[in-house]
Amino acid sequence: GWELHPDCLRLAAAVPAEAIAAIPAERVGRELLKALSLPCPGRFLEVLAQLDLWRPWFAELTDIARIPAGPLRWHSGSVLQHTVRVMNAVAGDTLAVWMAFCHDLGKLLTPTQILPHHYGHEQRGLALVRLLARRLHLPLRQEKAGLLACELHMKAGLYSQLRPGTRRDVLWRAETSGMAREFWKVVDADSKQDISSRALADSALLRGVCLPPQWWDRGEESARK
């Protein structure tokens, strides 16, 4: 609930851009991960917006507070407000908070002529996740987690409406990533639904599927079964 002192705003505005750009990338990455581990991680983005300190490290997020999160039927605020809400909803789990940070980055690349819709933002965001993760020298696990959340959060949010084959694909991707718990936590926060309970139960069901012993070790026959 704290607020920035007016002097902080004045001093921040006076810092030369080249001084901020000179900070080692690893340092910025560490500070980001520290911020994501705090009780109210979305505050990090709000402060960057308040100080207008997106450049150079988060330059692609410059318009995040001006882009609508979506049609009013689903979203009433900006991409910044929505992202902050989802990040704070999963606070206490740093990896999940990072996934929440990444999940809607593709909306920043939406062509203006189709706003407030964001068709295809899941795919558009993948390059941006990679760019930020590598620019800040984040661990590979962070990059993979961000890509998973970015690409699959929309399908996962419609879990009950998916065809069985598509549902299986989403479950398998999350399960084999080793980050299923964090992923479904973000999906719950994003959709404001309890989707994870069913999804994790279904994942357990999938893991239990195996061939009966009489079909083991038969090569192609086993594969067909």
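Described in the following lines is the structure provided in the data block. Predicted model, so just to flag it, every value in this text is computed and none were measured. (Residues numbered from 1 in each chain as written. Predicted model: local features only at pLDDT ≥ 70, side-chain atom pairs only at ≥ 80, totals over all residues. Heavy atoms only, no water.)

## Remarks on the overall build of the chain
Filter applied, for reference: Helix and strand definitions here come from DSSP, where helices need a minimum of 4 consecutive H or I residues and strands a minimum of 2 consecutive E residues; each element is numbered from the N-terminal end. Relative accessibility thresholds used throughout: buried, under 20% of the residue-type maximum; exposed, over 50%; partly exposed, between the two (1.4 Å probe, protein chains only). The contact definition used throughout considers only heavy atoms, calling two residues in contact when any of these lie within 4.5 Å. Using a 1.4 Å probe, accessible areas were evaluated by the Shrake-Rupley method; residue-level cover was limited to the displayed protein chains.
Secondary structure summary: the chain contains twelve helices and zero strands in total. For the chain, the C-alpha atoms occupy an extent of roughly 75 × 40 × 35 Å along the three principal directions. The proportion of buried residues among the 225 residues of the chain is 43%. Pairs at least 24 residues apart make up 66% of the contacts formed inside the chain by residues separated by at least 6 positions. In the structure as shown, the chain presents an accessible area of about 12,500 Å², 57% of it carried by carbon and sulfur atoms.

## Topic: the packing of helix H3 (residues 25–36) against helix H6 (residues 94–102)
Going by this rule: Between N-to-C directions, angles cover 0 to 180 degrees, with each direction set by a line fitted to C-alpha atoms, over the stretch in contact for helices. Any angle between 65 and 115 degrees counts as roughly perpendicular, while under 35 counts as roughly parallel, over 145 as roughly antiparallel, and the rest as oblique. Amino acids are sorted into nonpolar (Ala, Val, Leu, Ile, Met, Phe, Trp, Tyr, Cys and Pro), charged (Asp, Glu, Lys and Arg) and polar (every other residue, Gly among them).
Where H3 contacts H6, the axes come no closer than 9 Å and their chain directions differ by 105 degrees. In terms of orientation, H3 and H6 fall into the roughly perpendicular class. Two secondary-structure elements touch here, H3 through Leu32, Leu33 and Leu36 and H6 through Thr94, Val97 and Trp98. Residues that form the contact of H3 with H6 fall into these classes: five nonpolar, one polar and no charged.

## Quick look at the nonpolar core
The following threshold applies: Within this scheme, the nonpolar core is defined by two criteria: the residues are buried Ala, Val, Leu, Ile, Met, Phe, Trp, Tyr or Cys, and they are joined through side-chain atoms within 4.5 Å.
Counting 57 residues, the largest nonpolar core has Phe58, Leu61, Trp98, Phe101, Leu105, Phe183 and Trp184 as the members making the most contacts within it. Within the residue set of this core, elements represented by two or more residues are H3, helix H4 (43–51), helix H5 (79–89), H6, helix H7 (121–135), helix H8 (140–157), helix H9 (164–177) and helix H10 (180–191). For this core, the element with the highest residue contribution is H6, accounting for eight residues. Setting aside chain neighbours within four positions, we find phenylalanine 183 in contact with Met99, Leu148, Ala149, Leu152, His153, Ala156 and Ala174.

## Some details on the packing of H8 against H9
Using the following cut-off: Two helices that cross are described as forming a left-handed crossing if the nearer one is turned anticlockwise from the farther one by less than a right angle, and a right-handed crossing if clockwise.
It is the contact of H8 with H9, at a shortest axis distance of 11 Å, that shows an interaxial angle of 145 degrees. Taken as a pair, H8 and H9 cross one another with a handedness that is left-handed. Contacts between H8 and H9 involve Leu148, Glu151, Leu152, Lys155 and Ala156 from the first element and Thr166, Val170, Arg173, Ala174 and Ser177 from the second. Its residues assigned to classes, the contact of H8 with H9 shows five nonpolar, two polar and three charged.

## Comments concerning H5
Every buried residue belonging to H5 is among Val79, Leu80, His82, Thr83, Val84, Val86 and Met87, and all of these are buried. On its buried face, H5 is in contact with H3, H4, H6 and H10.

## Things to note about the pattern of salt bridges
Note the cut-off: Only one rule defines a salt bridge in this text: a Lys or Arg side-chain nitrogen within 4 Å of an Asp or Glu carboxyl oxygen.
In total, this model carries 15 salt bridges according to the counting rule given. Between aspartate 93 and arginine 181 there is a salt bridge, with the nearest N and O atoms lying 3.2 Å from each other. Residue aspartate 93 is located in the loop between H5 and H6, and its partner arginine 181 is located in helix H10; the two are separated by 88 residues in the primary sequence. On the basis of relative accessibility, which here comes to 10%, the residue aspartate 93 falls in the buried class. Accessibility expressed as a relative area gives 47% for arginine 181, which makes it partly exposed. Because the salt bridges share partners, they merge into one network encompassing Asp93, Arg181, Glu182 and Lys185.

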